[in-house]
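# Observations on chain architecture
These are the residues of each chain, in order.
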Amino acid sequence: METDPHLDMVRPVSPNTPQGCEECLRLGSPWVHLRLCLTCGHVGCCDSSPLKHASGHAENEGHPIVQSLEPGEDWRWCYVDEAMV
């Protein structure tokens, strides 16, 4: 199995807004699931959410890897490679 080249961008982070998506909280918008940016700690909503803030953050900031913030889930996703890491 190949190692994702973006894993070197993963840092020890804490969620900036553990109570929800940073942008959705500001806007008063709903979300479906939460994703944690493993480069900076940004909390964004998933692509099933209306505003898709996690993938937007990954694209705008160049932070490709997120981890699910959903209880009981322990997986990471690379937006650039569109693969679990």
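Anyway, here's the lowdown on the structure attached to this text. (Residues numbered from 1 in each chain as written. Predicted model: local features only at pLDDT ≥ 70, side-chain atom pairs only at ≥ 80, totals over all residues. Heavy atoms only, no water.)

## A look at the side chain of H63
Short version of the rule: Where helices and strands are cited, they refer to DSSP runs of H or I of at least four residues and of E of at least two residues respectively, numbered from the N terminus. A 3.5 Å cut-off defines polar contacts: any pair of N or O atoms within that distance qualifies, except that in protein one atom must be a possible hydrogen donor and the other a possible acceptor, and neighbouring residues in sequence count only when both atoms are side-chain atoms. Every residue pair with non-hydrogen atoms within 4.5 Å of one another is taken to be in contact.
Its place among the elements puts H63 in the loop between α2 (53-61) and β3 (65-68). A distance of 3.2 Å separates the side chain of H63 from the side chain of H57, its partner in a polar contact. When sequence neighbours within four positions are dropped, the list of residues in contact with H63 reads M9, C37, T39, C40, H57 and A58.

## A few points about the environment of V13
Put simply, the rule is: Each residue is assigned to one of three classes by its accessible area relative to the maximum for its type, calculated with a 1.4 Å probe on protein chains only: buried under 20%, partly exposed between the two thresholds, exposed over 50%.
If you trace the backbone, V13 turns up in the segment before α1 (22-27). Residue class for V13 comes out partly exposed when judged on its relative accessible area of 24%. Considering only alpha carbons, one finds V13 and L38, 25 residues apart in sequence, at a separation of 6.3 Å. Apart from the residues within four sequence positions on either side, V13 is in contact with L36, C37, L38, T39, C40 and G41.

## What to know about the environment of H53
Along the chain, H53 turns up in helix α2. C-alpha of H53 to C-alpha of E23: the two residues are 30 residues apart in sequence and 7.1 Å apart in space. Apart from residues no more than four positions distant in its own chain, H53 is found in contact with C21, E23, C24, L27, H42, G44 and C45.

## A look at the nonpolar core
General note: in soluble globular proteins, nonpolar side chains tend to be found buried as a group. Where we set the bar: The criterion is simple. A nonpolar core is a set of buried Ala, Val, Leu, Ile, Met, Phe, Trp, Tyr and Cys residues joined through side-chain atoms within 4.5 Å.
Formed by C21, C24, L34, L36, L38, V43, C45, I65 and C78, the largest nonpolar core amounts to nine residues. Counting residues per element, the ones that place at least two in this core are β1 (34-37) and β2 (43-45).

## Side note on the pairing of β1
Defined as follows: Note: two strands are recorded as paired if DSSP finds a minimum of 2 bridges between them.
Here β1 shows two buried faces, one formed by L34 and L36 and the other by R35 and C37. Both β1 and β2 contribute to a ladder of three bridges, which runs antiparallel. Residue pairing in the sheet places L36 in a bridge with V43 of β2. The turn linking β1 back onto β2 is made up of five residues, and G41 within it adopts a positive phi angle of 90°. In this structure, β1 lies alongside β3, joined through three bridges in antiparallel fashion. What sits directly across from R35, in β3, is S68.

## So, the state of the cysteines
Defined simply, a disulfide is a covalent bond joining two cysteines at their sulfur atoms. The line we're drawing: Two cysteine sulfurs form a disulfide in these notes if their separation is within 2.5 Å.
Within the structure shown, the criterion is met by zero disulfides. We note that C21 lacks a disulfide partner, and the nearest cysteine sulfur, in C24, lies 3.6 Å from it. Take C46: it sits in no disulfide, and the sulfur closest to it among the cysteines is that of C45, at 6.7 Å. On the accessibility criterion, C46 (4% relative accessible area) is buried.

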